[in-house]
Amino acid sequence: MRQDLIAATIAALLVIAGHAEAAERTAFTDRELQVIARNDLLQTLRERDPALVARILDMMLDPSAGPRLAAPSTVDLHNPDLAALAARSAEGSKEWLELVRLARARKAETKSGPDATRSAEGSLELLSMMRDARRQKNGGQ
Amino acid sequence: MNSDLDKDFATLELMSRARHSFIECLVERSESRDEADVLSYLRLDKMFEFAEFFYTIRAMGLTDPGDVAILADLHNGRIARLMRDRAALDRRGLKQERLLDSMFTIDVLPRLEMIWNEQPGALDQSNLGRLLVTQMSAETVRGIAVATEKAGFIRRRRHPTGAIVITSLGVMEDVMGSCLRTMRCTIADL
């Protein structure tokens, strides 16, 4: 659901920027693949909607796009190119950075591996700690 | 239903149903219907652990002034043990530096106790993050706290010290308690 919201918002911003009518394509140049690799959100979107990623890249790499209005107030190291794109539109900047932060947090939440183990063990530890606390409170009874 | 396997399967079903029921009850009780900023958080696995924390405080009767000092001491002990267990740190994806920051030291303890003693059960957000350090990031704690405030499950307020103080309003505990009781009683009848 969260990714759908992000994709919809990106599509809306593309309309505002006038790139919504670009022809759909799903193949990427080496340069574009490098940009995708640098930006977490583009990596995530590429699997679900490669055509949308292509439109974002067209907008990003469009030499006729206007100069940057302002540098982003925070540098997003996980999506540096998207942050730069956002800076071209003063209105979009804040929303973009917030979306990117949100997407990153969401990605982290769904990650498996250590996170799952951490949860299960952490839970058991917490329960044990609470029992011990009650025991201490009641004087070891 | 006779065979052990049938009962085992029924138990598994009950556990899954309880988990699902927990989420659906929280969503139902939410005062906000905002899917993106509230309901999606209530459906997170971490939401269960967030609610579990407050439920266990209530269930163990740790609701008196002074109880937080016991919790802080036990927390420091488990963190110290964990920091000496390299294998556990790796397995659970925990960093020593972050665990060290989560301990209640002489500069952090006074505020923890003051806020709790003013209203037992109240914790400032950063200290809640310390207690949940082995289970979720500070960012997740903040995200869930903001969502559950909008859902009407907790209250968040600015303390005169500048800290964001969280007080549970009991909804999460009620829902979890109800789900657990239903599951327990149904399992007992198998």
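Below is a summary of the structure that appears in this document.

One open sheet holds the 3 strands; their spatial order is β1-β3-β2 (chain B), and the pairing between them is antiparallel. At either margin of the open sheet sits one strand with a lone partner, and together these are β1 (123-124) and β2 (154-158) of chain B.

As a further point, take the packing of aromatic side chains. Residue and element names in this part refer to chain B. This structure, assessed with the given rule, holds 3 aromatic pairs over all chains. Between the aromatic rings of F22 and F48, the centroid separation amounts to 5.2 Å while the plane-to-plane angle is 75°, which identifies the pairing as edge-to-face. Residue F22 is found in helix α1 (residues 4-29), and its partner F48 is found in helix α3 (residues 45-59); the two are separated by 26 residues along the sequence. Overall, the relative accessible area of 3% leaves F22 in the buried class. You can call F48 partly exposed: its relative accessible area is 32%. Judged by centre distance (5.3 Å) and plane angle (90°), the rings of F53 and F54 are edge-to-face. Here F53 falls in the buried class, since its relative accessible area comes to 1%. Of the aromatic side chains, those joined through ring pairs into one cluster are F50, F53 and F54.

Bringing the pairing of strand β3 (residues 164-168) of chain B into the picture now. Residues and elements named next belong to chain B. Of all 5 residues in β3, 4 are buried; the element is thus mostly enclosed. Bridge count between β1 and β3: 2 bridges; the pairing is antiparallel. Paired with L123 across the bridge in β3 is I166. The pairing of β2 with β3 spans 5 bridges and is antiparallel. The partner of R157 across the bridge, within β3, is V165. Between β2 and β3, which pair antiparallel one after the other, the connecting turn spans 5 residues, and G162 there sits at a positive phi close to 100°.

A few words now on the pattern of salt bridges. Pairing between side chains of opposite charge can happen when the charged atoms of each approach one another. Here the structure, examined in full by the defined rule, presents 14 salt bridges over all chains. R92(B) is the salt-bridge partner of E121(A), the closest N and O atoms lying 3.7 Å from each other. On the criterion of chain membership, the pair formed by E121(A) in helix α7 (residues 114-137) and R92(B) in helix α5 (residues 86-92) is interchain, its members lying in two chains. Its salt-bridge partner being E125(A), residue R92(B) comes within 2.9 Å of it at the nearest N-O pair. Highlighted residues: R92(B) in helix α5 and E125(A) in helix α7, drawn from two different chains. Through salt bridges that share partners, E121(A), E125(A), R78(B), R91(B) and R92(B) make up one connected network.

Counting residues at the interface gives 26 residues for chain A, matched by 38 residues for chain B. Where chain A meets chain B, there are 6 salt bridges. A salt bridge links R91(B) to E121(A); the shortest N-O distance between them is 2.6 Å. Our enumeration of links across chain A and chain B arrives at 7 residue pairs in polar contact (both at pLDDT 80 or more). Only α1 (2-17), α6 (90-110) and α7 of chain A provide two or more residues apiece to the side of chain A that touches chain B. Grouping the amino acids of the side of chain A that touches chain B by side-chain chemistry returns 10 nonpolar, 5 polar and 11 charged.

Conventions used here
- Residues numbered from 1 in each chain as written.
- Chains lettered and ligands numbered in written order.
- Predicted model: local features only at pLDDT ≥ 70, side-chain atom pairs only at ≥ 80, totals over all residues.
- Heavy atoms only, no water.
- Pairing = 2+ DSSP bridges.
- Helix = DSSP H or I, 4+ residues; strand = E, 2+ residues; numbered from the N terminus.
- Phe/Tyr/Trp six-rings, centres within 6.5 Å; stacked < 30°, edge-to-face > 60°.
- Buried < 20%, exposed > 50% of the residue type's maximum accessible area, 1.4 Å probe, protein only.
- Salt bridge = Lys/Arg side-chain N within 4 Å of Asp/Glu carboxyl O.
- Contact = heavy atoms within 4.5 Å.
- Polar contact = N/O pair within 3.5 Å; in protein donor to acceptor, adjacent residues only side chain to side chain.
- Nonpolar A, V, L, I, M, F, W, Y, C, P; charged D, E, K, R; others polar.

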